Amino acid sequence: MRVRDLKCRHLRVEQILTHAGGTPTLGDLGVTESEVLNGVTAGDVTASKAVVVDTNKDIGDFRNVDVVNLDAGASGTAGTVDVFPSGTTKGKLTLAAVSNDGNTTTTISNAAMGQASVVSIPDPGASTANFLLTSAANDQSLVTATAAKINATDITTPGVVEASKAVVVSADKDAGDFRNLDCVNLDAGASGAAGSVDVFPTTATSGKLVIACADQDADTAVTVTALGMGQATAVNIPDPGAATGYVVLSSQANDQSIVTATNAQLSSLRRNPGTMAMAFIDFNTGAGEAGMAVTINGVVYQEADAEDFPNGVWTNGASQADSATSLIAAINGDTRAAVPFTAVADTSGDGVMLFWDSVGTAGNVTISTTSAGNCTVQNSTGGAAAAIKQTCTIVHTVNTQELLSGAVEIPVPFTPTHVQLTAYTSAGVPIALTNQMTIGTAPARIILTTAGVTALANTDVVHLTVTE
């Protein structure tokens with residue numbers, strides 16, 4: 001139906017014609033639909049009316065809006081989501097986005113909750129603050145630390161301890177200026193990295209006590225332990241009077257005895273530097289036999305027709321001295337292995353004196369020979385290690401009564417390993433003694449027989465120096 005002109009007082013329209021591109025079409029528009037358009041203000045939401053944006057595409061004053069996805073703004077156009085509280089002029093919460101380095105999306109999402117939860121943003125006390133994030137994926141751990149505890153990490157300088165703050169080490173893993181530090185175990189350094197514990201006194205620039213560790217012969221631990229004390233005890237380190245001093249140790253396990261000796265008495269202890277072992281090989285009845293051998297601590301020195309000193313081969317020659325000289329050259333010229341002894345000729349030239357190159361009991365070795373009789377040997381003896389030993393000097397005056405026994409017996413406070421003896425007449429004239437001296441035990445004593453060519457007489461004075 002086409003109507004060109006229509007005049008009427010009342011008109012009820014159930015359908016109207018619309019047209020597009022000049023071609024009229026009929027659209028359905030009921031009374032209800034027409035009513036929601038009546039009285040609408042573009043840009044303002046009116047109850048029970050259609051929503052029409054204004055010329056800026058703005059619309060305002062919705063009460064509740066449900067959407068599946070809400071975009072605030074668009075790419076290149078900034079947008080915000082403003083959330084207001086119930087109170088008037090009480091501020092608002094704004095969700096906004098800044099430009100990312102790339103065209104990426106930042107998503108704020110809740111983890112799976114086990115209950116209805118309200119997550120509050122605390123007042124930072126400043127106009128700008130930042131969230132703390134975790135680098136762990138899907139980390140649902142709850143931070144239980146209080147603000148005060150978290151603020152304890154707000155330090156000024158890493159490596160410097162600050163009061164009521166967390167300790168953060170420096171880039172070199174250092175931390176300094178603790179006041180008191182309690183721990184169960186404290187390691188200073190590590191294997192391959194030397195460490196020390198420095199202890200300072202109360203007065204500035206007055207030195208310090210350093211506890212350090214030197215390399216051990218093996219991967220072992222040296223432990224300093226306090227034995228069971230019966231009271232509070234301060235143990236002092238005396239001044240050694242020199243740049244280097246040493247602690248005297250007891251070889252007695254768990255020895256809790258207190259040393260009551262005075263400084264003077266302790267000074268009677270001397271560090272014995274130890275002694276080198278020695279032995280004697282003697283060609284006493286002629287040159288060594290052809291093909292004989294001398295074995296020193298398992299090292300064989302063989303006699304042969306031609307000398308080969310680097311391999312320990314020597315010749316007997318025509319005399320005792322020839323044999324001794326060749327054997328000495330073979331011992332000193334041996335290059336097969338480290339030979340820890342040195343050979344020299346005795347005063348007669350017919351014998352070989354052997355001296356171990358260092359002190360200690362390692363030099364007390366076995367020496368043997370295959371000689372039928374022209375050469376005799378003895379084991380090396382006398383080697384002793386360095387140690388702290390007692391030294392005692394005794395002056396004894398000989399009397400008539402002890403001479404009746406056939407020996408002068410002088411008691412000593414310990415069984416000595418070394419004895420030095422001199423004798424003088426009562427007038428101070430030295431005596432060349434030929435008395436035999438032996439060391440007795442139970443009790444420890446020095447025994448001098450009176451059967452020598454030059455014998456001790458009444459009132460003679462004996463000076464003894466004995467070493468443990």
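Worth saying up front: this structure is predicted, and the values here are computed from it rather than measured.

### Let's talk about empty space enclosed by the protein
Tallied over the full model, the rule gives one cavity of 30 Å³ or more. Taken as a whole, the largest cavity holds about 50 Å³ of empty space. What lines the largest cavity is simply Ala277, Met278, Ala279, Ile296, Phe341, Leu354, Phe355, Trp356, Gly363, Val365, Ile367 and Ser380. In terms of residue count, the dominant contributor to the lining of the largest cavity is strand 13 (residues 351–356) (three residues).

### Some remarks on a nonpolar patch on the surface
Among the surface-exposed residues, Val51, Val53, Ile59, Phe62, Val65, Val67 and Leu70 lie close enough to one another that they form a single nonpolar patch of about 600 Å² accessible area. Relative to the helices and strands, Phe62 resides in the loop between helix 1 (31–37) and strand 3 (80–83).

### Let's talk about the pattern of salt bridges
Any two side chains of opposite charge can pair, on the condition that their charged atoms come close. Taken as a whole and judged by the stated rule, the model has four salt bridges. We note a salt bridge from Lys208 to Asp198, for which the minimum N-O separation is 3.2 Å. Here Lys208 is found in the loop between strand 5 (196–199) and strand 6 (209–212), whereas its partner Asp198 is found in strand 5, with ten residues between them in sequence. According to the relative accessible area criterion, Lys208 is partly exposed, its value standing at 46%. According to the relative accessible area criterion, Asp198 is partly exposed, its value standing at 34%. For the salt bridge of Glu409 with Arg445, the shortest nitrogen-to-oxygen distance reads 2.7 Å. Residue Glu409 is located in strand 17 (residues 407–411), and its partner Arg445 is located in strand 20 (residues 445–449); the two are separated by 36 residues in the primary sequence.

### Details of the sheet that holds strand 12 (residues 341–345)
On the basis of which strands lie adjacent, the open sheet formed by four strands has the order 12-13-8-15 and antiparallel pairing. Looking at which strands have only one partner, the edges of the open sheet turn out to be strand 12 and strand 15 (375–377). The sheet shows a mean angle of 20 degrees between the axes of neighbouring strands, direction not considered. As judged from the five bridges shared by strand 8 (residues 278–283) and strand 13, these two strands associate in the antiparallel manner.

### A few points about the pairing of strand 13
Within strand 13, five of the six residues are buried, which leaves it mostly tucked inside the rest of the structure. Here strand 12 runs beside strand 13; their pairing, made up of five bridges, is antiparallel. Paired with Phe341 across the strands is Trp356, a residue of strand 13.

### Observations concerning the environment of Ser348
With respect to the secondary-structure elements, Ser348 resides in the loop between strand 12 and strand 13. C-alpha of Ser348 to C-alpha of Ala321: the two residues are 27 residues apart in sequence and 8.3 Å apart in space. There is a polar contact of 3.0 Å between the side chain of Ser348 and the side chain of Asp346. Only 3.2 Å separates the side chain of Ser348 from the backbone nitrogen of Asp350, close enough to count as a polar contact.

### Observations regarding the side chain of Ser380
You can see Ser380 is positioned in the loop between strand 15 and strand 16 (387–397). Using a relative accessible area of 7% as the deciding quantity, one classes Ser380 as buried. A distance of 2.4 Å separates a polar side-chain atom of Ser380 from the backbone oxygen of Gly363. Of note is the side chain of Ser380, whose polar atom sits 2.8 Å from the backbone nitrogen of Val365. Ignoring any residue separated from it by four or fewer positions in sequence, one finds Ser380 in contact with Ala277, Met278, Ala279, Gly363, Asn364, Val365 and Ile367.

### Side note on the sheet that holds strand 20
A sheet is described by the order of its strands in space; here three strands give the open sequence 17-20-19, paired in antiparallel fashion. In this open sheet, the two edge strands, each paired with only one partner strand, are strand 17 and strand 19 (437–440). With direction set aside, neighbouring strand axes in the sheet form an average angle of 20 degrees. Sheet topology note: the strand 17/strand 20 ladder contains five bridges and is antiparallel. Across the sheet, Ile410 pairs through a bridge with Ile446, a residue of strand 20.

### Here's the deal with the environment of Lys49
Its location among the elements puts Lys49 in the loop between helix 1 and strand 3. For Lys49, a relative accessible area of 29% gives the class partly exposed. For the pair Lys49 and Glu35, spaced 14 residues apart in sequence, the C-alpha separation works out to 7.9 Å. With sequence-adjacent residues up to four places away left out, Lys49 is seen in contact with Glu35, Val36, Asn38 and Val40. A polar contact of 2.8 Å, which involves the side chain of Lys49, links it to the backbone oxygen of Asn38.

### With respect to the nonpolar core
With 23 residues, the main nonpolar core has Ile281, Ile296, Tyr301, Leu327, Ile331, Phe341 and Leu354 as its most contacted residues. Contributing elements (two or more residues each) for this core: strand 8, strand 9 (293–296), helix 4 (320–332), strand 12 and strand 13. Counting 16 residues, the second largest nonpolar core, distinct from the first, contains Val398, Ala423, Ala444 and Leu456.

Cut-offs and rules
Per-chain numbering applies: the sequence of each chain, read as written, is numbered from 1 onward. Per-residue local features of the predicted model are confined to residues with pLDDT of at least 70, and side-chain atom pairs are confined, for both listing and counting, to 80 or more; whole-chain, interface and lining totals are unaffected and use all residues. Water and hydrogen atoms were dropped before computing side-chain values, which therefore reflect all heavy atoms in the structure. Note on definitions: the grid is 1 Å and covers protein atoms alone; a cavity is a set of points where a 1.4 Å probe fits but cannot get out; a pocket is an open set with protein on both sides within 12 Å along at least five of seven lines; lining residues have an atom within 4 Å of a point. Grid points are joined across faces, edges and corners, and a volume is the space filled by probe spheres set on the points. Secondary structure elements follow DSSP: runs of H or I of four or more residues count as helices, runs of E of two or more count as strands, with numbering from the N terminus. Each patch is built from residues lacking any salt bridge and having more than 30% relative accessible area; the joining distance is 9 Å for like charges and 5 Å for nonpolar side chains (Val, Leu, Ile, Met, Phe, Trp, Tyr). Shrake-Rupley sampling with a 1.4 Å probe provides the accessible areas, and residues are treated as covered by the protein chains on show and by no other component. Basic side-chain nitrogens of Lys or Arg form a salt bridge, by our definition, when they fall within 4 Å of a carboxyl oxygen of Asp or Glu. Classification of residues uses two cut-offs on accessible area relative to the type maximum, computed with a 1.4 Å probe and protein chains only: under 20% is buried, over 50% is exposed, and between them is partly exposed. Strand pairing is assigned whenever DSSP identifies at least 2 bridges connecting the two strands. Lines fitted to C-alpha atoms define the axes here, with helix axes fitted over just the stretch in contact, and angles between the N-to-C directions of these axes take values from 0 to 180 degrees. Definition of a polar contact: a pair of N or O atoms within 3.5 Å, with one able to donate and the other able to accept a hydrogen when the atoms are protein atoms, and with sequence-neighbouring residues admitted only if both atoms are side-chain atoms. Throughout, a residue-residue contact means that at least one pair of heavy atoms, one from each residue, lies within 4.5 Å. Take the buried Ala, Val, Leu, Ile, Met, Phe, Trp, Tyr and Cys residues and link them wherever side-chain atoms come within 4.5 Å; each set so joined is a nonpolar core.

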